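Below, each chain spelled out in residue letters.
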Amino acid sequence: MIRVIALNELRRRLRDRSVLIGCLAAPLLMAAVLGISFAGAASTVAVRVGVSGASPALMAAAEQASQLPHGVTVVAMPSQAAVKAAVAGGTLDGGVAVLPGQMQLSSLLVPIVDPGASHTPGFDVVTRGTSQLGQEYAESMAAGISSVLYADKVPHHVTAHPATVAITTQSVGHGGKVNLNFFAPNIAVVFLFIGSGLGMRSLLMERSAGTLARITAAPLRPTQIVLGKLLAIFVTGLVTIFVIWAVTTFAFGANWGDPLGVLLMCVGATVAMCGIGVFLTSLAKTEQQAFGITMLVGLFLALLGGNLLPSGSLPDVFQVLALGTPNGWALVGFGRLDQLGEPASSVIGPFFVLLAIALVTGGLALTRVRKMVEP
Amino acid sequence: MQQAVGGSEAVVTTLGPSPMLRCEGLRKRYGDRLAVDGVTFSIAEGECYGLLGPNGAGKTTTISMLCGLAVPDEGDITVDGFEGGTLEAKAAVGYVPQDLALYPDLSAVENLTFFGQLYRLSGKELQTRIGETLELVGLADRGKDRIGTYSGGMKRRANMAAGLLHRPKLLVLDEPTVGVDPQSRNAILETVGKLGIAVLYTTHYMEEAFKLCDRIGIIDDGHLIAEGTADALIGDHGGRDKVHLSCDGADLDELAAACRELENIHDVHEVDGNLELSTDHGPAVLSAVVAVATRHGVDLTGVEVRSPNLEDVFLSLTGKELRD
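Scoring rules and cut-offs
Residues numbered from 1 in each chain as written. Chains lettered and ligands numbered in written order. Predicted model: local features only at pLDDT ≥ 70, side-chain atom pairs only at ≥ 80, totals over all residues. Heavy atoms only, no water. Helix = DSSP H or I, 4+ residues; strand = E, 2+ residues; numbered from the N terminus. Buried < 20%, exposed > 50% of the residue type's maximum accessible area, 1.4 Å probe, protein only. Contact = heavy atoms within 4.5 Å. Areas by Shrake-Rupley, 256 points an atom, 1.4 Å probe, with all protein chains shown as cover. Phe/Tyr/Trp six-rings, centres within 6.5 Å; stacked < 30°, edge-to-face > 60°. Lys NZ or Arg CZ within 6 Å of the ring centre and 35° of its normal. Pairing = 2+ DSSP bridges. Axes fitted to C-alpha atoms, helices over the stretch in contact; angles between N-to-C directions. Patch = residues over 30% accessible without salt bridge, like charges linked within 9 Å, V, L, I, M, F, W, Y side chains within 5 Å. Salt bridge = Lys/Arg side-chain N within 4 Å of Asp/Glu carboxyl O. Lys, Arg positive; Asp, Glu negative; His and termini not counted. Charge placed at Lys NZ, Arg CZ, Asp CG, Glu CD. Buried area = accessible area lost by both parts, 1.4 Å probe. Polar contact = N/O pair within 3.5 Å; in protein donor to acceptor, adjacent residues only side chain to side chain. Expected span 1.5 Å × (residues − 1). Arc of directions from axis to C-beta.

**Student:** Can you break down the overall build of chain A residue by residue, with the values?
**Tutor:** Across its full length, chain A carries 14 helices and 5 strands. The buried share of chain A, reckoned over its 375 residues, is 50%. Long-range pairs, those at least 24 residues apart, make up 82% of the contacts in chain A between residues at least 6 apart in sequence. Within the structure as shown, chain A displays about 16100 Å² of accessible surface, and the carbon and sulfur contribution to it stands at 66%.

**Student:** I'd like a rundown of the packing of aromatic side chains, residues and numbers included.
**Tutor:** Tallying each qualifying case throughout the model produces 8 aromatic pairs over all chains. Ring centres 6.0 Å apart and planes at 5° place the aromatic pair Y103 of chain B and F115 of chain B in the stacked group. Taken together, the positions of Y103 of chain B in the loop between β8 (93–96) and α3 (108–118) and F115 of chain B in helix α3 put the pair 12 residues apart, joining distant regions of the chain. Residue Y103 of chain B shares its accessibility class with F115 of chain B, and that shared class is buried. Among the aromatic residues, those joined into a cluster by ring pairs are F242, W245, W256 and F334 of chain A. The residue whose ring lies beneath R214 of chain A is F115 of chain B, and the NZ or CZ to ring-centre distance is 5.5 Å.

**Student:** Summarise the sheet that holds strand β6 (residues 74–79) of chain B; cite the residues concerned and give the values.
**Tutor:** Residues and elements named next belong to chain B. Spatially, the 4 strands line up as an open sheet ordered β4-β3-β6-β7, and their pairing is antiparallel. Looking at strand neighbours, the two that pair on one side only are β4 (33–43) and β7 (82–83), the edges of this open sheet. As paired strands, strand β3 (residues 21–30) and β6 are joined by 5 bridges and run antiparallel to one another. Looking at the pairing, R27 lines up with E74 of β6. Lying on the sheet, helix α1 (residues 59–66) is in contact with β3, β4 and β6; it crosses β3 at an angle near 115°.

**Student:** So what's going on with a negative patch on the surface? Which residues, and what values?
**Tutor:** A contiguous patch of negative charge on the surface is contributed by D251, D253, E254, E270 and D272 of chain B. Secondary-structure assignment places D253 of chain B in helix α9 (residues 252–260).

**Student:** Describe in detail the environment of H223 of chain B, supporting the description with residues and values.
**Tutor:** All names here are of chain B. Mapped onto the secondary structure, H223 falls in strand β12 (residues 223–228). A C-alpha to C-alpha distance of 13 Å links H223 and R33, two positions 190 residues apart in sequence. Once residues lying within four places of it in the same chain are set aside, the contact partners of H223 are D37 and I218.

**Student:** Report on the interface of chain B and chain A, specifying residues and quantitative values.
**Tutor:** With 29 residues of chain B at the interface, the matching set in chain A holds 22 residues. Interface area, chain B with chain A, both sides summed: about 2400 Å², of which 63% is carbon and sulfur. When residues of chain B are sorted by the area they lose upon contact with chain A, L87, Y103 and L118 of chain B head the list and together hold 24% of the total. Viewed at the interface, chain A and chain B are joined by 1 salt bridge. E110 of chain B is the partner of R15 of chain A in a salt bridge, and the nearest nitrogen-oxygen pair spans 2.6 Å. On inspection of chain B and its partner chain A, the count reaches 8 residue pairs in polar contact (both at pLDDT 80 or more). When residues in the side of chain B that touches chain A are grouped by element, the largest group, 5 residues, is from α3 of chain B.

**Student:** Any details on the pattern of salt bridges? Residues and values, ideally.
**Tutor:** This structure, assessed with the given rule, holds 21 salt bridges over all chains. A salt bridge links E47 of chain B to R215 of chain B; its shortest N-O distance comes to 2.3 Å. In this pair, E47 of chain B is assigned in the loop between β4 and β5 (48–52) and R215 of chain B in strand β11 (residues 215–220), connecting sequence segments 168 residues apart. With a relative accessible area of 5%, R215 of chain B lands in the buried category. Between R185 of chain B and E207 of chain B there is a salt bridge whose closest N-O contact spans 3.3 Å. Of the two residues, R185 of chain B sits in helix α6 (residues 182–193) while E207 of chain B sits in helix α7 (residues 206–212), which places them 22 residues apart along the sequence. Residue E207 of chain B is classed as partly exposed on the basis of its relative accessible area of 39%. Each of E9, R12, E206 and K229 of chain A takes part in salt bridges that share partners, so that together they form one network.

**Student:** Account for helix α13 (residues 326–338) of chain A, with residues named and values stated.
**Tutor:** Residues and elements named next belong to chain A. For α13, with 13 residues, the first-to-last C-alpha span of 18 Å sits near the 18 Å given by 1.5 Å per residue. Taken across its 13 residues, α13 has 10 buried, putting it largely inside the fold. Turning to α13, its buried residues number three or more, namely P326, N327, G328, A330, L331, G333, F334, G335, L337 and D338.

**Student:** I'd like to hear about the side chain of T270 of chain A, residue by residue, with values.
**Tutor:** Residue and element names in this part refer to chain A. Secondary-structure assignment places T270 in helix α10 (residues 259–282). By relative accessible area, which is 0% here, T270 ends up buried. For T270, the contacting residues outside a window of four places in its chain are L192, F234, G237, L238 and I241.

**Student:** Give a detailed account of a positive patch on the surface, specifying residues and quantitative values.
**Tutor:** Residues and elements named next belong to chain A. On the surface, R207, K285, R368 and K371 cluster together into a positively charged patch. Looking at the secondary structure, you find K371 in helix α14 (residues 348–373). Residue classification places K371 among the exposed residues on the basis of a relative accessible area of 60%.

**Student:** Describe helix α4 (residues 80–89) of chain A, naming the residues involved and giving the relevant values.
**Tutor:** All names here are of chain A. Among the residues of α4, those classed as buried are A82, V83, A86 and V87. All buried residues of α4 fall inside an arc of 130° around its axis, so they share one side. Relative to its buried face, α4 has exposed residues pointing more than 90 degrees away, namely A81, A88 and G89. Positive phi appears at G90, one or two residues downstream of α4, with a value of about 90°.

Shown next as structure tokens:
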């Protein structure tokens, strides 16, 4: 019976084209926009960031810790003064001078927790107002060096033997596939949420149309009716995210990472977003309310969870709050796969967090929605 | 099998052995409003039972309870021997709601396929049932068209088909002819008339109840105030035949006095410059009345004999019109 309810829901949504628009046309359009915007290399910008005062070993560790994009080249620079001169002269877009004499263990946290801080003891982050990317990479590099030193992965004394480096990259900017890899899952997760919220709206529509009464009069248990609707929403959600994955991968060369991990995250993200979407819809009394709640909360979660803006660019408190959202956890998982190139096993944690979110919100939703179909 | 008791007293029904539907002491409250208060009735196999009452009388609430859409606050329901609201009871009922309850974007066949599957019909049996049911309601040639393209009457017939598809033992029709064109209305009534299964038919059209139903229950303000065959109800509560005499410019006092002297005339009074006579059997006194009028030189411009109907029954029992 669950299958019968779900198939009827899908047939109706196919017939009124809402599923075609929501699950295929809109994701395809978004994937195409993302692909065209980010997949090409025509508008890449060269960014050069110089670093002085760090040993090659520290630089190598810091480079990995700062998670700079692929294609970054590290070039030695002679001194702090040379970095400043190069940034001022335009040869470098940004730079970091490590100042071992002023460095204390406690102050190492400053570049990590507050990358844009005006005063960072032990570091001189040299920036040029005209290069936003240069500033960001210089701050990232400072945070990377701090985290390595703080974790004591590299002995402090190496900083007493200053080496000088510069970072150059030819593949950053709005034309990088790195950005496509980042934004494609982000947008997919937003679609999942909106799709699931609007999907459950059909129950409210059926109630006002009278068909829910006829279904309820049939020899079915209320749970079967609700689970049938949920199954249809889950299937459409999964189709949505698969479409975006396939199109951005095959048409625009995006790399979401290990396919098994991506599959796991797609399922986890879909059930979690379905759960929270359906729960929010269950709070509504009318279709219009459901639409409003879905859009409002969807936008809020998208902002908070980092779907629209990278969470790193938001204030610290929001970065913590992002982990209270299902989309935030979805992006943690997708980020490990596409940004860090980690294996499928790395997303087991986020996957189970998403499952837990799905169980809690889905359970609440089931309780509330059941009341709509119970006598 | 049952006795109808007029006035504000509840109907006392003696329920027969294992009826198809048995409702006993149903009571349902919505907030401060008591929508149904102590309703008791039963429907035998193959019997068509009409629940007649004005809008807001409690008909739809009663139906909702026996179809498992609402839980009674008090009382018991048994359908085909099963407790009301259980899956077995629901499977025995075919529910045809007052409003169209079909998907307009799907065809009649697709709608019926879905609702048939909910009643565990599948495969060839389902297809055969769909064909037969569409034939029954006169929509066989439009089965593949979307419901949204149907006329209002066709939608109502398709709505009824969805309730009939699984061959229920009890068909519940909630005002199926409201807002329907005369042709479709006749088609619906004709279909119901030839079903041969137990039917609960709610309406506020007395002529439908009179034509279709073996027994009628009259419901008002949540109470079942009378029950019985149409003839019995009219006989007990409808009052006498009325003979209406239209007489232009005549001396009505003299004619009224003469009519009162006639046998079987119980009452005579003036209505809007004409006379109205109450009698046990209008046609039987007609010739005598006309003769009296002629004898008194009164020129009758019209004579009308009206027998009591269910409207009169309702008026007599409640003091108000059925459509109030």
